[in-house]
Amino acid sequence: MSKKILIVDDEIEIREMLSRHFRFLGYNTSTAGNGEEAMDYLGENKVDVVITDIMMPVMDGVTLLKSIRKEYPMVQVIMITGYVSLDNALACMRAQASTCVFKPLEDLTELEKAVENAFNTIESWKRKFKELRGLKISAKENNL
Amino acid sequence: MKILIADDDFVTRKILSSTLTQEGFEPIAVEDGSAALKILQQENCPKIAILDWQMPGLTGIEVLKELRKCQDYYVYCILLTARSEAEDFKIGFDAGTDDFLTKPIDTSLIKQKLNVAKRIIQYEINEGQMRSEIVKYADSMKELAEERAKQLVHADRLATLGTLAAGIAHEINNPSTFIAGNAQSLEKYWEALIQKGFFSETKDQQVDVILEDFPKMISGIRSGVKRITKIVSSLKSYARQDLTIKKSPFDINEVVEEALEICHNKIKYNITVEKNIPDSVPFAFGDKYQIEQVIVNLITNAADAMNGKKNARLLISCQKNENMVQMEVKDSGPGISEDIINKIFNPFFTSKGRQDNTGLGLSISKSIIEEHGGQLNVKNAPEGGAVFYFSIPVAKKSEENI
């Protein structure tokens, strides 16, 4: 099953750059220009990880994050932002982002690791569900 | 002292002139009212006048009325008249006379009357002097106020620039992000091509050059972006708008490094920087951005003092002294001349052009250090150059929790 990343940023160059980079690493990628576009896309497509900027028109990153947490709980959200401040980082944490990475992204290694961690989290949840489904079947089989 | 005598009677003029000369005055005699008025309207005219009532040209009363219209200076007037009715005195005083001399003239009283005149006129002269001094002072204050207003506008403009700097810094981050990201991708793509053997052995010189240079160029782009990021980050932190003072323990070495980064452009051409901050110097306690502002100010001033000089040296040193961290910023410039060394911390004092400074730097630096419980001072080094030195408190061990 391919790993799908949705990249959300109002600056096209950044969307393309990140998209390019992660596609080269083997992920499947798509892009959106703001929070609303992102939610529309999520409604129609399966996405595992979302990388999103905070400052965007129409719907900003934190609002998007909260909507995703509510409607698509399995989706991991990584915030990227140019506004390096404690308040921003706290807002991301409180709204339950997977993590946040500060721009400028001189070295994409940090973001790559964040994406890896996000997928690992998803994998570990999937394994748990698989385990549970396996138990259920064996319970049924043993008439428990 | 000059006194004007205006009377059409020759004898009267003669008597008065000789009496006045005896009393040490300098009499100027005229025969009619118009001549009298003319003299009294000139600059440096006599400030005491004895005017006959009945005169050809203008009468004494007419001269008085005309004279009193002038408000710039005072002429003490004595009206000379044979009349002595109460009504006459009323007319005389109303017209503006200060005193009367009745004919026939009693010379015994002239001395006393003139003393009165002298008293009044001397007072007038003193008042006049004070007045003109006040006017001069007011004018110079007005000039100063205009000067300050201009400086404030300038300072405000620079402050606005500081505010904009933070926003501009943020704007620069986005393109930095995708330049760096794309460069990193290029690096990866290139490595992949090399590994997949895309570039087989060729005898083509150009291809060889490309194979060698390509990774170096990418590396160059990446390190360029790193530098941009560092500069922007220093700029952002320096221009931060948060004005509330937040004190905490900080490493003075780090602050000096950042300050040098900010000033890099000013010092790179001809200045050798020597930093002497031993590890034994403990963390200081204060608002690190404000202290950074002070250090940037001192470095900038030092750089300006050594502008164009060969072998310019800037020495920044630090040491612990009891419970204070002492810092010195020393330059190899011309030093500060004795006549201004006491003024340089004054607000708006500047010896540089208006172009890129407000004259506020040192006075603000001084108040920052004082607010931290230290002192900012300056002295001239024996070998030449100026030394600015200040101290701020050491952070207590219990506060140092990194």
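Read on for an overview of the structure. Chains are numbered independently. Their residues run from 1 in the order of the written sequence. The lettering of chains begins at A and the numbering of ligands begins at 1, in the order of writing. Only residues with pLDDT of at least 70 are given local features in this predicted model, and only at 80 or more are side-chain atom pairs given and counted; all residues enter the totals for whole chains, interfaces and linings. To get the side-chain values, all heavy atoms of the structure are used, and hydrogens and water are removed first.

Our next topic: the sheet that holds strand β4 (residues 76-81) of chain B. To summarise the sheet geometry, strands pair through backbone hydrogen bonds and adopt either a parallel or an antiparallel arrangement. Residues and elements named next belong to chain B. The strand order across the open sheet formed by five strands is β2-β1-β3-β4-β5, and the pairing between neighbours is parallel. Strands at the two margins of the open sheet, each flanked by one partner only, are β2 (26-30) and β5 (99-102). Averaged over all pairs of adjacent strands, the angle between strand axes in this sheet comes to 20 degrees, irrespective of strand direction. We call two residues contacting when some pair of their heavy atoms lies within 4.5 Å. A fitted line through C-alpha atoms serves as each axis, taken over the contacting stretch for helices, and the angle formed by two N-to-C directions is quoted from 0 to 180°. In this text, helices come from DSSP runs of H or I with a minimum length of four residues, and strands from runs of E with a minimum of two, each type numbered from the N-terminal end. Along the sheet, helix α3 (residues 60-67) makes contact with β3 (48-52) and β4, crossing β4 at roughly 165 degrees. Each pair of strands is called paired provided DSSP finds at least two bridges between the two strands.

Moving on: helix α4 (residues 86-95) of chain B. Residue and element names in this part refer to chain B. If you check which residues of α4 are buried, you get Asp-88, Gly-92 and Ala-95. In a view along the axis of α4, the buried residues occupy a sector of 70 degrees, so they form one face of it. What points out from α4, more than 90 degrees from its buried face, is the exposed set Ala-86, Lys-90 and Asp-94. Considering only its buried residues, α4 is in contact with α3, β4 and β5. One or two steps after α4, the chain reaches Gly-96, where phi turns positive at roughly 125 degrees. Burial status follows relative accessibility: with a 1.4 Å probe on protein chains alone, a residue under 20% of its type maximum counts as buried, one over 50% as exposed, and anything between as partly exposed. It is the directions from the helix axis to the C-beta atoms whose arc is reported.

Here the focus is the nonpolar core. In terms of nonpolar packing, the biggest core is built from 42 residues, with Ile-252, Ile-295, Ile-299, Met-327, Phe-388, Phe-390 and Ile-392 of chain B touching the most fellow members. Put simply, the parts of the chain that give this core at least two residues each are α7 (252-262), α9 (288-305), β9 (312-321), β10 (324-331), α10 (361-371), β11 (376-380) and β12 (386-393) of chain B. Sort the elements by how many residues they give to this core and α9 of chain B lands first, with eight residues. Non-local contacts of Met-327 of chain B, meaning those with residues more than four positions away in its chain, are made with Ile-252, Val-256, Ile-277, Ile-295, Ile-316, Ser-317, Cys-318, Phe-388, Tyr-389 and Phe-390 of chain B. By nonpolar core is meant a set of buried Ala, Val, Leu, Ile, Met, Phe, Trp, Tyr and Cys residues that side-chain atoms within 4.5 Å join together. Ranked by size, the runner-up nonpolar core spans 22 residues in total, among them Val-50, Val-62, Leu-65 and Ile-68 of chain A.

This part covers the interface of chain B and chain A. Residue-level contacts link 19 residues of chain B with 19 residues of chain A. Criterion for a salt bridge: a side-chain nitrogen of Lys or Arg within 4 Å of a carboxyl oxygen of Asp or Glu. For the interface between chain B and chain A, the tally reads two salt bridges. Residue Arg-222 of chain B pairs with Asp-107 of chain A through a salt bridge whose shortest N-O separation is 3.9 Å. Elements supplying a minimum of two residues to the side of chain B that touches chain A: α5 (107-195) and α6 (205-238) of chain B. Tallying contributions element by element places α5 of chain B first for the side of chain B that touches chain A, with 14 residues. Classification convention: Asp, Glu, Lys, Arg as charged; Ala, Val, Leu, Ile, Met, Phe, Trp, Tyr, Cys, Pro as nonpolar; all other residues, Gly among them, as polar. Its residues assigned to classes, the side of chain B that touches chain A shows five nonpolar, 10 polar and four charged.

Residue and element names in this part refer to chain B. Contact geometry for α7 and α9: axes closest at 9 Å, N-to-C directions at 50 degrees. Taken together, the axes of α7 and α9 lie oblique to each other. The way α7 lies across α9 gives a crossing that is right-handed. Residues Ile-252, Glu-254, Val-255, Val-256, Glu-258, Ala-259, Leu-260 and Ile-262 of α7 touch α9, and the partners they reach there are Lys-288, Ile-291, Glu-292, Ile-295, Val-296 and Ile-299. Grouping the amino acids of the contact of α7 with α9 by side-chain chemistry returns 10 nonpolar, no polar and four charged. For classification, angles of less than 35 degrees are called roughly parallel, those exceeding 145 degrees roughly antiparallel, those between 65 and 115 degrees roughly perpendicular, and all remaining angles oblique. The handedness criterion is simple: a crossing whose near helix is rotated anticlockwise from the far helix by less than a right angle is left-handed, and one whose near helix is rotated clockwise is right-handed.

A few words on the packing of aromatic side chains. By convention, a stacked pair of Phe, Tyr or Trp rings (six-membered ring in the case of Trp) has centres within 6.5 Å and planes under 30 degrees apart, an edge-to-face pair has planes over 60 apart, and any other such pair is tilted. Counted under the stated rule, the structure contains eight aromatic pairs over all chains. Where Phe-22 of chain A meets Tyr-27 of chain A, the ring centres are 5.8 Å apart and the plane angle is 65 degrees; that geometry is what we call edge-to-face. Overall, the relative accessible area of 0% leaves Phe-22 of chain A in the buried class. Ring geometry for Tyr-27 of chain A versus Phe-119 of chain A: centroids 5.3 Å apart, planes at 20 degrees, classification stacked. Taken as a pair, Tyr-27 of chain A in the loop between α1 (12-24) and β2 (28-32) and Phe-119 of chain A in helix α5 (residues 109-141) lie far apart in primary sequence, 92 residues in all. This pair shows no difference in class: Tyr-27 of chain A is buried, exactly as Phe-119 of chain A is. By way of ring pairs, the aromatic residues Phe-22, Tyr-27 and Phe-119 of chain A are connected into one cluster. Geometrically, a charge over a ring is one whose NZ (Lys) or CZ (Arg) sits within 6 Å of the ring centre while staying within 35 degrees of the ring normal. A cation over an aromatic ring shows up here: Arg-83 of chain B above the ring of Trp-53 of chain B, its NZ or CZ 4.4 Å from the ring centre. Here the guanidinium or amino end of Lys-379 of chain B rests over the ring plane of Tyr-389 of chain B, the centre of that ring lying 4.7 Å away.

Residue and element names in this part refer to chain B. Residues enter patches when their relative accessible area tops 30% and they take part in no salt bridge; the joining distance is 9 Å for like charges and 5 Å for the nonpolar side chains Val, Leu, Ile, Met, Phe, Trp and Tyr. The accessible surface values rely on the Shrake-Rupley method and a 1.4 Å probe; as for residues, cover is taken only from the protein chains in view. Together, Leu-158, Leu-161, Leu-164, Ile-168, Ile-172 and Ile-228 line one region of the surface with nonpolar side chains, adding up to about 490 Å² of accessible area. With respect to the helices and strands, the residue Ile-228 is situated in helix α6. A residue is classified by how much of its surface remains accessible, and Ile-228, at 37% relative accessible area, is partly exposed.

Here we come to the sheet that holds β11 of chain B. Residue and element names in this part refer to chain B. Pairing within the open sheet is mixed, and its five strands lie in the order β7-β9-β10-β12-β11. Strands at the two margins of the open sheet, each flanked by one partner only, are β7 (271-276) and β11. Strand-to-strand twist of the sheet, defined as the mean angle between neighbouring strand axes without regard to direction, takes the value 15 degrees. Where β9 and β10 come together, eight bridges link them in antiparallel fashion. Following the sheet pairing, Ile-316 is matched in β10 by Val-329. Each of β7, β9, β10 and β12 is contacted by α7, which is oriented at about 170 degrees to β7, the strand it contacts most. Contacts from α9 reach β7, β9, β10, β11 and β12 within the one sheet, and its direction differs from that of β12 by about 175 degrees.

Once that is clear, we can look at the pattern of salt bridges. All names here are of chain B. For the structure shown, the criterion picks out 21 salt bridges over all chains. Measuring nitrogen to oxygen at the nearest pair gives 3.0 Å for the salt bridge that ties Lys-288 to Glu-254. Of this pair, Lys-288 sits in helix α9 while Glu-254 sits in helix α7, and the two are 34 residues apart along the sequence. The class for Lys-288 is partly exposed, based on a relative accessible area of 22%. Here Lys-330 makes a salt bridge to Glu-383, at a shortest N to O gap of 2.5 Å. Here the residue Lys-330 occupies a position in strand β10, and Glu-383 occupies one in the loop between β11 and β12, the gap between them amounting to 53 residues.

Such coordinate-based values are descriptive only and should not be taken to indicate function.
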